[in-house]
Amino acid sequence: MNLEKDPLASNGTEVLNVKKLVDLFVKTLKNIMIYPEDNPIPQEQKRRLFEKLTQHLDDYNELRLEVRNLQLYCKGELIHQDHKENEGLVYSLHRDGISEISLKKDLTPQELSGLLEVFRTGISSTSLEDDLVTMLWESDFDHISYKVIEEFLGQETEASMLDYAFSDFDKMENRLGIFYSEIDLTGGEKSEREEQERIRIQNTFQNIKNFVKDEVIKIEKLLKKDESYDGIEEVLSVFEEIFTEEKDLPGFNESVKVMERTMDQLLEKGNFRSSYKTIQLIEELRQTYKNKSPQRSSRLDEYVNRAGDSERIKLVSLALNRKEKPDLEWAKAYLDSLRWNSIFNILNMLGELNTYPARRMVCEVLADLGKEHFEMVARGVTDHRWYVVRNVVGILGRIGNPKALTYLKDTIKHDELQVRRETIRTLELLGGSEATQILLLALDDSSPRIRIRAINLLGKIGDEKVLEPLLKIVKDKEFKNKSEEEKKAYLFALAEIGGDQVVPDLKKIARKGSWLAGERDLETKVLAIKSLGLINTLESHNTLEELSRKGKKQLRAISKKTLERLNRQLTKDEKIYES
Amino acid sequence: MKAEVIEKREKAFDSFVLEKGKILVKQLFASLKTAQLYDQNNAMFSKQSNALMDVVNDLVKNEGQIQLRFKEGYIFLNEVRLKFGVEGYSASRALLDDFPKYWIEGLSIESGIIQRELDKFISLFSHLDPEKEGTFETVKTRLNQVGIEHIKLSELVLKDEDSHLRSREKRKEVARKTFFHAVAMIRDVTGYVETEKVVPVVKLKRAVQKLVDQIIEEEETFMGLTAIKSFDEYTYVHSANVCVLSILFGLRLGLDKKRLSELGFAALFHDVGKIKLPHDLIAKPSEFNENDWSMIKKHPSLGAKSLLGIRCLDEYSQRAVVVAFEHHLNLDLSGYPELTKPREINLFSRIVSIADAYDAMTSGRVYMKTPISPDEALRKMLYRQGKFYDPVLLKVFVNVVGVYPVGTLVFLNTSEMGIVLKINPDDMVRPVVRIIADRQGVKKSPVEVDLSKKDTATDEYSRFIVQTLDPSRYKLDLSKYLL
């Protein structure tokens with residue numbers, strides 16, 4: 001019997017296994033790209049992938065994949081292809097010129113994590129600087145190798161350099177002859193000279209090969225320090241020197257232009273910390289030149305103004321949207337350092353940002369800027385995008401300027417519910433009797449939630465001027481048809497604002513109607529009794545007592561219960577007072 | 001077992017192996033070196049071998065066995081790649097050179113080994129002659145003959161596609177091509193910067209990365225390449241030389257590959273500001289006057305500005321900007337450009353500054369119109385240490401290039417003329433030299449001699465260096481002998 005394995009069949013098993021592994025790899029990669037770092041789903045998948053890969057590598061020593069166009073091959077068999085063109089794993093490998101990638105036995109979990117990270121960054125990156133090859137190379141994996149299609153710049157230097165070297169080669173013999181004739185020294189002189197030379201060299205280079213402990217420590221310190229090297233900080237300090245070095249204005253202006261370009265790159269990358277530091281440096285320089293050179297100071301002024309123009313703010317938006325974890329703290333610092341002329345552009349940003357934390361950060365910036373330039377920020381309420389208007393309304397609340405009420409008169413009638421809701425929230429922050437006039441406008445809002453919030457807020461503000469319009473609604477025959485919650489809001493608000501003034505009205509409601517009144521009427525009466533309980537004055541007590549003796553049994557019971565509750569509360573308060 | 005647990009264990013394991021591995025390599029090298037001079041009964045031999053046994057025991061106890069592999073310029077211990085800084089670097093390079101001479105890819109030391117067996121191995125291996133016993137089978141047989149059972153050798157087997165590349169000559173050729181590509185690249189990029197075109201940063205990075213890979217494998221070849229000075233392409237060749245020297249320097253300091261490539265990239269562009277100066281000034285054959293100097297002193301700032309203009313402010317460019325600006329600032333902040341605020345010169349700038357000064361002195365073009373010999377250049381630099389150069393870094397640099405760097409043309413006590421091929425890390429004033437001429441004339445077939453080897457009969461050095469010579473004076477084609 002032939003016990004030898006059929007090579008084709010054996011290959012087939014291997015290829016099939018590779019196919020499964022690549023599928024799992026792609027799936028894991030997708031999950032890593034979707035889920036946050038600490039999510040258990042990609043973690044678990046990564047663990048499984050490592051187990052299966054290790055098993056495969058133990059069996060076959062290597063997993064080698066060839067990249068052909070947008071397809072992956074193993075041993076000549078198609079293993080995987082991207083579903084969409086211009087994105088995905090194979091596309092990225094092909095784009096960056098990787099023709100082969102192989103994983104070898106003894107692959108470590110760190111290496112697998114590193115590889116996934118390289119792909120995660122490489123696939124999602126739009127940067128022209130770091131491609132997969134650079135990232136793989138820098139990762140320097142021991143058990144992962146790859147082949148790249150070479151592409152070199154210039155080709156002709158070698159020939160031209162060597163031409164020089166060979167040109168005079170024939171003359172070498174003659175020149176050596178001259179040399180030997182020049183050094184025809186006598187033996188004695190020669191040995192003396194040799195000795196001197198030897199001593200000189202020894203003196204200079206003695207102990208050169210051995211490093212004492214202090215020297216090793218010094219080297220280690222230098223290396224350690226370099227690990228925390230901050231390139232941008234250094235670049236900025238270079239800029240500072242360059243500016244000072246520029247003696248003529250055109251040179252100075254050229255340097256400012258270069259710095260502007262640099263900042264564009266920083267913003268594009270989402271490096272807000274460095275962008276902020278750049279602005280700070282420019283501001284410092286501007287101060288320095290203020291009296292010394294008005295022209296230079298004015299050019300720097302222009303720089304700061306440009307830092308907040310629509311183009312730069314657009315770069316900030318794009319970076320905030322692109323980055324998985326944008327540095328919001330430094331982004332805020334950058335935006336905070338801008339001038340009033342950037343307000344309109346920053347307002348516009350609100351409509352561009354994808355994430356809530358980023359929008360919240362921009363709102364904070366605008367709230368700060370709006371303290372000085374309120375009208376500019378408030379103008380945002382006219383934006384055509386409702387979500388921008390909502391945010392601006394919120395910002396107005398944070399600023400706390402009563403002037404905002406002028407703008408809220410419009411937003412309380414906005415088509416979008418969320419804008420109206422935000423308006424109520426802002427009115428709550430602003431408070432005051434002027435806010436009540438706007439809240440009254442919300443009482444006929446189409447949304448019961450808005451109406452109820454407005455009524456509750458009116459009750460909270462407690463302005464007696466609104467009693468009349470509220471009572472008018474309560475006394476209307478349609479009132480009973482409102483929802484229980486809304487009716488409750490109205491009646492409680494009346495109690496809160498009016499106190500004894502509204503006791504007769506509430507009493508009237510509680511007793512109004514026939515014995516045959518329906519459920520809705522009964523509901524209103526119960527709520528009126530409870531509102532009387534809220535007032536908690538002698539008059540309201542007397543009224544409740546009266547109601548507990550007369551009328552429908554059910555209402556009597558509720559009145560009694562309310563009264564008891566009030567008494568209990570009273571006793572408790574007394575006890576507290578006595579103690 | 002969970003992946004995180006495996007990762008944690010592996011990390012702990014790695015740090016133990018890394019630490020002990022460095023000691024193992026240093027001690028193996030020291031033992032082999034000592035064994036070349038002293039026999040097994042000598043106290044010096046025992047001292048080194050006992051220390052080697054200690055670290056072997058530590059590793060065997062913890063790991064069960066020791067597997068050392070010498071591969072592609074790296075040493076692996078139990079599959080963990082060892083990393084070396086100034087300490088142990090020479091030892092690692094020497095072992096990486098020695099073992100493949102006998103077609104040995106690795107050796108494993110198994111549990112049960114005793115001191116006597118280890119001594120036998122050290123003694124045997126240190127006296128092998130690659131000329132006579134340069135095959136794997138011979139070494140293996142010799143080991144069996146003396147009864148070494150717990151040390152096993154593994155053979156260096158080259159794959160078909162690799163064997164062609166791995167041959168010494170082929171590797172040199174690849175190295176040479178990579179070097180000249182770097183030269184071509186800097187020339188092309190200069191054009192891009194001059195015309196403010198978009199610089200292909202990705203391609204540049206890849207080229208530097210390739211250079212780093214090649215330098216790790218072929219240190220000596222690259223050292224030799226830096227000794228070739230070109231007149232026509234001076235600026236570009238100088239930049240490539242400084243790049244290679246800086247990478248070699250960084251390698252000795254133990255920088256990882258990423259930082260090595262950042263360093264190489266920065267070094268390659270350190271002089272980019274010169275393209276903004278008039279060509280006549282750079283090529284001026286006579287000494288610079290005051291006006292010339294005031295122009296020349298602008299090139300660091302111009303370079304920094306040019307690099308900022310390539311519109312790619314990643315870590316590589318950031319480093320390059322700073323190095324371009326600082327490479328003429330001395331350690332005591334003298335030099336140029338003149339500063340408004342005190343600053344600490346960055347590590348990369350310190351490295352490039354040393355490599356730049358060395359190459360400029362030995363090329364003799366822009367600042368010093370007449371070149372000086374490498375050893376003279378180093379002497380001058382050592383004289384200026386502390387003020388101009390960081391003393392400890394300069395010391396590392398001398399260890400990298402040697403007292404007589406590769407490519408130095410030397411005149412020997414025997415009236416022979418030779419070119420330094422390789423430095424002896426243990427005895428830097430006695431390198432390996434290729435004798436190219438004597439009083440009878442140019443040698444048709446040059447011979448290689450190791451100046452550190454004593455004459456067995458007299459126990460004295462038969463050849464030593466008397467002085468260094470300027471190869472350009474004899475229009476000597478160093479590439480013919482070095483590459």
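Residues numbered from 1 in each chain as written. Chains lettered and ligands numbered in written order. Predicted model: local features only at pLDDT ≥ 70, side-chain atom pairs only at ≥ 80, totals over all residues.

1. Overview of the overall build of chain B
- Scanning chain B from terminus to terminus reveals 20 helices and 12 strands.
- At 24 Å, chain B has a C-alpha radius of gyration in line with the 23 Å of a compact globule built from 483 residues.
- Projected onto its principal axes, the C-alpha positions of chain B cover 75 × 70 × 45 Å.
- By residue count, 46% of the 483 residues in chain B fall in the buried class. (Helix = DSSP H or I, 4+ residues; strand = E, 2+ residues; numbered from the N terminus. Rg over C-alpha atoms; globule rule 2.2 N^0.38 Å. Buried ≥ 20, exposed ≤ 12 C-beta atoms within 10 Å, placed from the backbone.)

2. Overview of helix 20 (residues 404-411) of chain A
All names here are of chain A.
- Residues Ala404, Tyr407, Leu408 and Thr411 constitute the buried set of helix 20. Looking straight down helix 20, one finds its buried side chains confined to an arc of 105°; they lie on one side.
- The inward-facing, buried residues of helix 20 abut helix 18 (374-378), helix 19 (386-399), helix 21 (417-430) and helix 22 (433-441). (Arc of directions from axis to C-beta. Contact = placed C-beta atoms within 7 Å.)

3. Digging into the sheet that holds strand 4 (residues 98-104) of chain A
Residues and elements named next belong to chain A.
- If you walk across this open sheet you meet the five strands as 3-2-1-4-5, and the pairing is antiparallel. Looking at the sheet topology across the chains shown, the edges are occupied by strand 3 (77-81) and strand 5 (144-148). Within the sheet, the average angular offset between the axes of one strand and its neighbour, ignoring direction, is 25°.
- Alignment of strand 1 (residues 62-68) against strand 4, held across five bridges, turns out to be antiparallel. From the neighbouring strand, arginine 64 faces strand 4, where its bridge partner is serine 102.
- Across the sheet, helix 2 (residues 40-60) lies against strand 1 and strand 4, angled at about 100° from strand 1, the strand it touches most. (Pairing = 2+ DSSP bridges. Axes fitted to C-alpha atoms, helices over the stretch in contact; angles between N-to-C directions.)

4. Some points on the packing of helix 12 (residues 257-268) of chain B against helix 16 (residues 315-326) of chain B
Residue and element names in this part refer to chain B.
- For the pair helix 12 and helix 16, interaxial distance at closest approach is 8 Å and the crossing angle is 45°. Compared by their axis directions, helix 12 and helix 16 come out oblique. You can see that helix 12 and helix 16 cross each other, and the crossing is right-handed. In contact with Glu262, Phe265, Ala266 and Ala267 of helix 12, helix 16 contributes Glu315, Tyr316, Arg319, Ala320 and Val323.
- Each residue belonging to the contact of helix 12 with helix 16 can be placed in one class, and the counts come to six nonpolar, no polar and three charged. (Parallel < 35°, antiparallel > 145°, perpendicular 65-115°, else oblique. Left-handed = near helix turned anticlockwise from the far one by under 90°. Nonpolar A, V, L, I, M, F, W, Y, C, P; charged D, E, K, R; others polar.)

5. Focus on the sheet that holds strand 3 (residues 80-81) of chain B
Residue and element names in this part refer to chain B.
- In spatial order, the strands read 3-2-1-4-5; together these five strands make up an open sheet with antiparallel pairing. Since the sheet does not close on itself, it has two edges, and those belong to strand 3 and strand 5 (151-155), each with one partner.
- Note that strand 1 (residues 65-71) and strand 4 (residues 104-110) share five bridges and pair antiparallel. The residue bridging glutamine 65 from the neighbouring strand is glutamate 110, located in strand 4.
- Lying on the sheet, helix 2 (residues 43-63) is in contact with strand 1 and strand 4; it crosses strand 1 at an angle near 110°.
- Against the sheet, helix 6 (residues 136-145) contacts strand 4 and strand 5, and its axis sits at roughly 170° relative to strand 5.

6. Considering the pairing of strand 2 (residues 71-74) of chain A
Residue and element names in this part refer to chain A.
- Residues Leu72 and Cys74 point to one face of strand 2 and are all buried, whereas Gln71 and Tyr73, pointing to the other face, are not buried.
- Pairing geometry for strand 1 and strand 2, over three bridges, is antiparallel. Along strand 2, the bridge assignment pairs valine 67 with leucine 72.
- By the bridge criterion, four bridges tie strand 2 to strand 3 in an arrangement that is antiparallel. When the sheet's bridge partners are listed, cysteine 74 is paired in strand 3 with glutamate 77.
- Hairpin connection between strand 2 and strand 3: a loop of two residues separates the two successive antiparallel strands, and lysine 75 in this loop has a positive phi of roughly 50°.

7. Remarks on the pairing of strand 1 of chain A
- Judged by which residues are buried, strand 1 of chain A turns out to be one-sided: Leu63, Leu65 and Val67 of chain A face inward and are buried, whereas Glu62, Arg64, Glu66 and Arg68 of chain A, on the alternate face, are not.
- Where strand 1 of chain A folds back on strand 2 of chain A, the antiparallel hairpin that results is connected by two residues, among which asparagine 69 of chain A adopts a positive phi of roughly 50°.

8. Brief notes about the nonpolar core
- Ranked by internal contacts, the top residues of the largest apolar core, which has 191 residues, are Ala182, Ala240, Val244, Ile247, Leu248 and Val321 of chain B.
- Filtering out sequence-adjacent residues up to four positions away, valine 321 of chain B remains in contact with Val235 and Val238 of chain A together with Ala304, Leu307 and Leu308 of chain B. (Core = buried A, V, L, I, M, F, W, Y, C linked by C-beta atoms within 7 Å.)

9. Re the environment of serine 46 of chain B
All names here are of chain B.
- The topology assignment puts serine 46 in helix 2.
- A residue is classified by how many C-beta atoms lie within 10 Å of it, and serine 46, with 16 of them, is partly exposed.
- As a C-alpha pair, serine 46 and leucine 313 span 267 residues in sequence and 56 Å in three-dimensional space.

10. Let's talk about unusual backbone geometry
Residues and elements named next belong to chain B.
- For the bond running from tyrosine 336 to proline 337, omega is 0°, close enough to zero to count as cis.
- Phi is positive for aspartate 459, which is not a glycine, with a value near 60°.
- You can see aspartate 459 is positioned in the loop between strand 10 (454-455) and strand 11 (460-461).
- By the C-beta count within 10 Å, which is 7 here, aspartate 459 ends up exposed.

11. A look at the confidence of the model for chain B
- Mean pLDDT over chain B stands at 84; residues scoring 70 or higher make up 90%.
- For this predicted complex, the interface confidence comes out at an ipTM of 0.83, alongside a pTM of 0.78. (pLDDT = per-residue confidence, 0-100.)

12. Section: the domain arrangement of chain B
- If you check the domain split of chain B, you get domain 1 (3-157), domain 2 (163-401) and domain 3 (409-482).
- Taking the mean C-alpha position of each, domain 1 of chain B and domain 3 of chain B sit 32 Å from one another. (Domains from an automatic or database assignment.)

13. A word on the environment of glycine 134 of chain B
Residues and elements named next belong to chain B.
- You can see glycine 134 is positioned in the loop between helix 5 (130-133) and helix 6.
- A count of 13 C-beta atoms within 10 Å places glycine 134 in the partly exposed class.
- The spacing of glycine 134 and glutamate 315 is 181 residues in sequence and 46 Å in space, taken between C-alpha atoms.

14. Thoughts on the confidence of the model for chain A
Residues and elements named next belong to chain A.
- For chain A, per-residue confidence averages 84 on the pLDDT scale, and 84% of positions sit at 70 or higher.
- The least confident element of chain A is helix 6 (residues 157-167), whose mean pLDDT is 42; the most confident is helix 15 (residues 328-336), at 96.
- Note that residues 1-8 has pLDDT below 50 and, in this model, one contact with residues that lie over four places away or in other chains.

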